[in-house]
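So the chains spell out like this:
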Amino acid sequence: MAELPILQFEEKIIETVERNSVVVIIGETGSGKSTQLSQILHRRGYTNSGVVGVTQPRRVAAVSVARRVSQELNVRLGEEVGYAIRFEDRTSERTRIKYLTDGVLLRESLSNPELDQYSVIILDEAHERSLNTDILLGLMKRLVKRRASNLKVLITSATLDGDKVSQFFSNCPVLNVPGKLYPVEILYSNERPKSYLESSLKTALDIHIKEPKGDVLIFMTGQDDIEKLVSKLEDRVRSLEEGSVLDAIILPLHGSLQPEMQVRVFSPPPPNCRRFIVATNIAETSLTVDGVVYVIDSGYVKQRQYNPSTGMYSLEVVQISKVQANQRAGRAGRTRPGKCYRLYPSVAYHEELLDATIPEIQRSSLAGSVLYLKSLDLPDIDILTFDFLDSPSSESLQDALKQLYLIDAIDENGLITRVGKTMAELPLEPSLSRTLMEANECGCLSQALTVAAMLSAETTLLPGRSKSTEKKRKHDHLDLPDGSGWGDHIQLLQIYECWHQTHYDIDWCKDRGLQVRGMTFVKDVRKQLCQIMQKIAKGSLDVQTSRRGKQTQQDYNNLRKALCVGYANQLAERMVFHNGYRTLGFKPQVVQVHPSSVLKPDDEGKFPNYVVYQELIATSRPYLRTVCAVNVAWVTPILNKVNKLNINKLSGGSGHIEEHAEGNISDLPKKDAVTAVPDDQESKIQAARERFLARKGKK
DNA sequence: GAGCACTGC
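Conventions and cut-offs
- Residues numbered from 1 in each chain as written.
- Chains lettered and ligands numbered in written order.
- Predicted model: local features only at pLDDT ≥ 70, side-chain atom pairs only at ≥ 80, totals over all residues.
- Heavy atoms only, no water.
- Pairing = 2+ DSSP bridges.
- Helix = DSSP H or I, 4+ residues; strand = E, 2+ residues; numbered from the N terminus.
- Axes fitted to C-alpha atoms, helices over the stretch in contact; angles between N-to-C directions.
- Contact = heavy atoms within 4.5 Å.
- Phe/Tyr/Trp six-rings, centres within 6.5 Å; stacked < 30°, edge-to-face > 60°.
- Buried < 20%, exposed > 50% of the residue type's maximum accessible area, 1.4 Å probe, protein only.
- Near = heavy atom within 4 Å.
- Polar contact = N/O pair within 3.5 Å; in protein donor to acceptor, adjacent residues only side chain to side chain.
- Salt bridge = Lys/Arg side-chain N within 4 Å of Asp/Glu carboxyl O.
- Core = buried A, V, L, I, M, F, W, Y, C linked by side-chain atoms within 4.5 Å.
- Patch = residues over 30% accessible without salt bridge, like charges linked within 9 Å, V, L, I, M, F, W, Y side chains within 5 Å.
- Areas by Shrake-Rupley, 256 points an atom, 1.4 Å probe, with all protein chains shown as cover.
- Lys, Arg positive; Asp, Glu negative; His and termini not counted.
- Charge placed at Lys NZ, Arg CZ, Asp CG, Glu CD.

Chemist: What's the story with the sheet that holds strand S12 (residues 273-279) in this structure? I'm lost.
Modeler: Taken in spatial order, the 6 strands of this open sheet run S9-S16-S13-S10-S12-S11, and their pairing is parallel. Edge positions in the sheet fall to strand S9 (184-188) and strand S11 (247-253), since each has one partner strand and no second. Here the average twist between neighbouring strands, direction ignored, is 15°. Sheet strands touched by helix H7 (residues 196-210): strand S10 (215-219), S11, S12, strand S13 (292-297) and strand S16 (338-342). Its angle to S13, the strand with the most contacts, is close to 155°.

The following block contains the structure:
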């Protein structure tokens, strides 16, 4: 511990913190900032007047760092040193150093906007620029002015954007704390390879043949290229002359892998063996693999981004930033000097790569964040001029306002409603919160709670796709309920209710290819949501458990109605001549129901006229993922609302609009605005539909 | 008839 570089800077840090309310700390990997900053402040008396809170973007980090600090201070975890993450608050009255996820701190500030139990707040890993960290940065800027006398804020960041953070906080001081990394030699390619996959393969084999022992970490963009590279590497390594090189183990590592498979990466390899870990950017920050000496950096990452004018997400392979490139390289120098092979030329690094990754706040739908900020109800905060470190576009903010208006969270003047205030209390995206509120009125809260919880865990429910599980799923398809013709939300409800009836049998999940971990998470979320709803409704709540498991068509109707109200901002109408949908409320997009949906065309080959959707995402083409059929009678009032929408008023203006501001809205709901499908494509679709009907007829 | 990077309340 005494070797940690940060300890040599203790005096300097304390001196600077004494004189300034905000300090930026540039702490490189291995500097010990996450564990030591809080202890330094504790030693110097900052915990006498309040708690030192340290935020982390990830749960595991909050827990593991808290655990280490409690060991170093030789106290029991949960007493002087504790942590708070969702579902787990291990703090007590005695807690002086508290690690928490930034999401938890945001929740805390909802009920206590001044955060007055804290004497110091440390925003750790701020350079990762998570959505929550960015909101916190804005709130801290305001808070240090209000609590100038008794609050210190420390922000840890990366070398490349420390100055920017400092400027944001009125040029506050920046302290550099060196890390304890071993040197990493950077090797560039002469030119960009035609295929980064082939280039990675070649580089990996070169290392294997020429370089001394040490594991290789290879950064790819996703499951597909990981699987390809793994199989190619296996072939080529096997064909090398036996005994001429080390044995090789090749391991994929990505988020959709079963956790048991991920663990393999952390168990030490057998002797005289080189491991090749082929990973997504999960290995950049979330997971640290010991023993890595060589890093191969393709220079690419798969990134999700949101288009506020269409309401559509897309996943795109984009170039990484310099911060990311350095982070990747750093992975080679944790145990001894290493090498990083960048599969792009040096000039590309310097001239093409952005300094920092585009922050999440500029790549996401902001409905949830805007609702959160509105619900804080701070008179001195105006959303459209909120002081962000990097502002989202006004288009994105207006999109959020529009969405919130359509689900009654704000009124036509942009003011938060009672419904909106309640929605913000729920740890859910606004559409789902609104669904719960409506369900409480419709008498189907129990079912809605289940759907909300299932949707919160959806990606961790199904096992990662692979050839074998795919076959299995197809085979076992009949074992899962079918949504009774209404779609995916109803199916999710039915799945959980079936499980409930087995008294939460683990084998029931396994037999159906459902991840036990995911289903357990659903159960936890449902319980949490139930508790919050109970608190909000003060007992006037309809969480009928006696009727659970025996859903009637009437229950499904009520639930679909509640979903329609909640997802008024994610509504689509089927097109007249084919099974495509056009989105309503956004610049209209022609989209298809995702083939993985349980919602299928009826006997005439047609989908329902209206659906609400959980997500609109462009992969190979634009798809609606997770859809639920809704009735036209529920849709009509929403469309009226869309027509009345006045974005200028919503943004807090007078409502007397300049011409071009209106232009944005007038192209929203018009029936014949969609001409995106050219005639020849239209006829192709018509032909496809005829073929489909013909096939159906034969059966 | 296609496939989703990573987090979090």
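Chemist: For this particular structure, what's the right way to read the packing of aromatic side chains?
Modeler: One pair of aromatic rings is described through two measures. These are the centre distance and the angle between the planes. Scanning the model with the defined rule gives 11 aromatic pairs in all. Between the aromatic rings of tyrosine 306 and tyrosine 313, the centroid separation amounts to 4.9 Å while the plane-to-plane angle is 50°, which identifies the pairing as tilted. In this pair, the class of tyrosine 306 matches that of tyrosine 313, namely buried. Ring geometry for tyrosine 496 and tyrosine 504: centres 6.2 Å apart, planes at 55°, overall tilted. Look at tyrosine 496 and you get buried, because its relative accessible area is 1%. Here a set of aromatic residues connected by ring pairs shows up, and it is made of Tyr188, Tyr344 and Tyr349.

Chemist: How should I be thinking about the protein's contact with DNA strand B in this particular structure?
Modeler: Inspection of the region around DNA strand B gives 31 residues, with Arg59, Gly255, Thr619, Ser620 and Arg625 positioned closest. By atom count, sugar and phosphate contribute 66% of the portion of DNA strand B lying within 4 Å of the protein. One of the backbone nitrogen or oxygen atoms of arginine 86 is found 3.0 Å away from a phosphate oxygen of DNA strand B. The separation between a phosphate oxygen of DNA strand B and a polar main-chain atom of glutamine 223 is 3.0 Å. Those elements that place two or more of their residues in the surface near DNA strand B are helix H4 (102-111), strand S14 (300-307), helix H18 (467-475) and strand S21 (622-630).

Chemist: Any chance you could explain the pattern of salt bridges here in plain terms?
Modeler: Opposite charge on two side chains makes pairing possible when the charged atoms of those side chains draw close. Per the stated rule, a full pass over the model turns up 28 salt bridges. Taking the shortest distance from any N to any O, the salt bridge between glutamate 198 and lysine 232 comes out at 2.5 Å. With glutamate 198 in helix H7 and lysine 232 in helix H8 (residues 223-239), this residue pair connects regions lying 34 residues apart in the sequence. For glutamate 198, a relative accessible area of 38% corresponds to the partly exposed category. Each of Glu10, Glu11, Arg43 and Arg44 takes part in a single network of salt bridges with overlapping partners.

Chemist: Before we go on, may I ask you to explain the nonpolar core in this structure?
Modeler: Taken as a class, soluble globular proteins show a tendency for nonpolar side chains to be buried jointly. Among the nonpolar cores identified, the biggest contains 107 residues, and Met140, Ile155, Phe169, Leu373, Leu436 and Met519 are the most heavily contacted of them. In this view, isoleucine 155 contacts Val22, Val23, Val24, Ile25, Leu123, Ala126, Leu137, Val165 and Phe169; residues no more than four positions away in its chain are not counted. Residues Ile25, Val54, Ala62 and Leu77 belong to the second largest nonpolar core, which totals 29 residues.

Chemist: Quick question: what am I supposed to make of the pairing of S13 here?
Modeler: Among the 6 residues of S13, 6 are classified as buried, and the element is accordingly described as predominantly covered. Both S10 and S13 contribute to a ladder of 5 bridges, which runs parallel. Bridging across to S13, isoleucine 218 finds its partner in isoleucine 296. Pairing between S13 and S16: 4 bridges, direction parallel. Along S16, the bridge assignment pairs isoleucine 296 with tyrosine 341.

Chemist: Can you walk me through the environment of arginine 342 in this structure?
Modeler: Structurally, arginine 342 can be placed in strand S16. Classification of arginine 342 by relative accessible area gives buried; the value is 2%. Along the primary structure arginine 342 and arginine 192 are separated by 150 residues, whereas in three dimensions their C-alpha atoms are 9.7 Å apart. Contact partners of arginine 342, with chain neighbours within four places excluded, come to Ile186, Leu187, Tyr188, Ser189, Asp297, Ala325, Asn326, Ala329 and Tyr349.

Chemist: Mind showing me how you'd approach a negative patch on the surface here?
Modeler: A cluster of like negative charges, contributed by Asp479, Asp505, Asp507 and Asp511, occupies part of the molecular surface. Structurally, aspartate 507 can be placed in helix H20 (residues 506-511).

Chemist: Looking at this model, I keep getting lost on the environment of aspartate 116. Mind explaining?
Modeler: Position of aspartate 116 among the secondary structure elements: in the loop between H4 and strand S6 (118-123). Sequence separation of aspartate 116 and arginine 147 is 31 residues, and the distance between their C-alpha atoms is 8.6 Å. Polar side-chain contacts of aspartate 116 include one of 3.0 Å to the side chain of asparagine 112.

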